[in-house]
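# Breakdown of the fold
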Amino acid sequence: MNLRLGRGLQIMGITVAIVWGLNLPVHSHGDAVPQPVDTQGLEPLGKKWLKRNPYKENEIAITIGSSGYNSNCARCHGLEVKSGGVAPDLRYLEDDEEGDSWYIMRVREGYHQGGVTKMPKFEGLISQEAMWAIRTYIDSRPE
Ligand code: HEC
């Protein structure tokens, strides 16, 4: 093979590798499969969506929420709820009715912008109990 052509191909290959490498994490974020959360031990909440966290400061909810958070939210919102910058730091959500209803709306619906899923919708994938347990865990993290 002609030396010049070989170089060109090599450079092209590197460029493709770099672009690929940069793109991959962005895509895999939205596509990863949500993990079920076992909420046994928590008071069942029924079908109606609540506006306030019913498990505030409940120790069982903190434990369950910690595992639910780590398997479903940490890859974007950061380990131990310390945001790495990809998504907002959830420790700063207001601890009041507005904060709770904003939280549950976002988790149920996710966030989509210009046809791109920035955050997956969790309604139908994890239970309401799991969502509030995760909120309880988030609130237990020091700011
Ligand atoms: C694929 C990445 C990703 C995953 C996974 C993800 N989120 Fe998000 N989340 C985002 C992004 C990006 C935003 C910012 C959306 C915006 O700009 O309003 C966001 C916003 C939020 C907000 C609103 C925060 C605010 O300050 O307005 C809440 C609450 C939230 N996420 C909770 C969760 C919870 C709980 C989980 C796990 C069950 C989760 N997210 C999983 C990417 C993600």
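Scroll up for the structure.
Notes on the structure in this doc start here.

Procedures and definitions
- Residues numbered from 1 in each chain as written.
- Predicted model: local features only at pLDDT ≥ 70, side-chain atom pairs only at ≥ 80, totals over all residues.
- Heavy atoms only, no water.
- Helix = DSSP H or I, 4+ residues; strand = E, 2+ residues; numbered from the N terminus.
- Buried < 20%, exposed > 50% of the residue type's maximum accessible area, 1.4 Å probe, protein only.
- Contact = heavy atoms within 4.5 Å.
- Areas by Shrake-Rupley, 256 points an atom, 1.4 Å probe, with all protein chains shown as cover.
- Donors = N, O, S within 2.8 Å, 3.2 Å for Na, K, Ca; no water.
- Tetrahedral: all angles 85-135°; square planar, octahedral: opposite > 155°, others 65-115°.
- Pairing = 2+ DSSP bridges.
- Core = buried A, V, L, I, M, F, W, Y, C linked by side-chain atoms within 4.5 Å.
- Phe/Tyr/Trp six-rings, centres within 6.5 Å; stacked < 30°, edge-to-face > 60°.
- Near = heavy atom within 4 Å.
- Polar contact = N/O pair within 3.5 Å; in protein donor to acceptor, adjacent residues only side chain to side chain.
- Nonpolar A, V, L, I, M, F, W, Y, C, P; charged D, E, K, R; others polar.
- Salt bridge = Lys/Arg side-chain N within 4 Å of Asp/Glu carboxyl O.

## Quick look at the overall build of the protein
Of regular secondary structure, the protein possesses 5 helices and 2 strands. Listed by position from the N terminus, the elements making up the protein come as α-α-α-α-β-β-α. With 143 residues in all, the protein has 30% of them scored as buried. Put simply, 66% of the contacts in the protein that link residues at least 6 apart link residues at least 24 apart. When the accessible surface of the protein is summed, it comes to about 9,400 Å², and 58% of that surface belongs to carbon and sulfur atoms.

## Re the coordination of the iron atom of the ligand
Summarising the metal site, the iron atom of the ligand is bound by the protein donors His77 (NE2) and Met119 (SD), whose distances to it range over 2.0 to 2.2 Å. In this structure, the iron atom of the ligand is surrounded by 6 donor atoms whose angles at the metal cover 86 to 179 degrees, and the resulting shape is octahedral. Of this pair, histidine 77 sits in helix H3 (residues 74-77) while methionine 119 sits in strand E2 (residues 116-119), and the two are 42 residues apart along the sequence. Take histidine 77 and methionine 119: they sit in the same class, and that class is buried.

## Side note on the pairing of E2
Along a regular strand, successive side chains alternate from one face of the sheet to the other. Of the strand pairs in this sheet, strand E1 (residues 111-113) and E2 are connected by 3 bridges, and their pairing is antiparallel. Residue pairing in the sheet places glutamine 113 in a bridge with valine 116 of E2. What sits between the antiparallel neighbours E1 and E2 is a turn of 2 residues, in which glycine 114 has the positive phi angle 55 degrees.

## Description of the nonpolar core
Generally speaking, a soluble globular protein has its nonpolar side chains buried in company with each other. Counting 25 residues, the largest nonpolar core has Tyr69, Tyr103, Ile126, Met131, Ile134 and Ile138 as the members making the most contacts within it. If one sorts the elements of this core by residue count, helix H5 (residues 128-140) sits on top with 7 residues. Apart from the residues within four sequence positions on either side, methionine 131 is in contact with Trp49, Tyr103, Ile104, Val107, Arg108, Phe122, Glu123 and Ile126.

## Quick look at the packing of aromatic side chains
Counted according to the given criterion, the structure contains 2 aromatic pairs. Ring geometry for tyrosine 69 against tyrosine 137: centres 5.6 Å apart, planes inclined by 50 degrees, an arrangement best described as tilted. Of this pair, tyrosine 69 sits in helix H2 (residues 59-72) while tyrosine 137 sits in helix H5; the two residues are 68 residues apart in sequence, bridging distant segments of the chain. Given a relative accessible area of 0%, tyrosine 69 falls into the buried group.

## Section: the site of the ligand
Neighbouring residues of the ligand: 20 residues in total, closest Cys73, Cys76, His77, Trp102 and Met119. The side chain of histidine 77 places a nitrogen or oxygen atom 2.8 Å from a nitrogen atom of the ligand. Contacts to the ligand include tryptophan 102, whose side-chain N or O atom sits 2.7 Å from an oxygen atom. Counting residues per element, the shell around the ligand draws most heavily on helix H4 (residues 97-109), at 4 residues. Across the shell around the ligand, the residue classes tally to 14 nonpolar, 3 polar and 3 charged.

## Let's talk about the pattern of salt bridges
Throughout the structure, instances matching the rule amount to 7 salt bridges. In this structure, aspartate 95 engages lysine 56 in a salt bridge whose closest nitrogen and oxygen atoms are separated by 3.0 Å. Pair noted here: aspartate 95 is in the loop between H3 and H4 and lysine 56 is in the loop between helix H1 (3-31) and H2, with a separation of 39 residues, a long-range link. A salt bridge links arginine 135 to aspartate 139, with the nearest nitrogen and oxygen atoms 3.6 Å apart. Here aspartate 139 and arginine 135 lie together in helix H5, a separation of 4 residues that amounts to about one turn. Shared partners join several salt bridges into a network, and the residues in it are Arg52, Asp100, Arg135 and Asp139.

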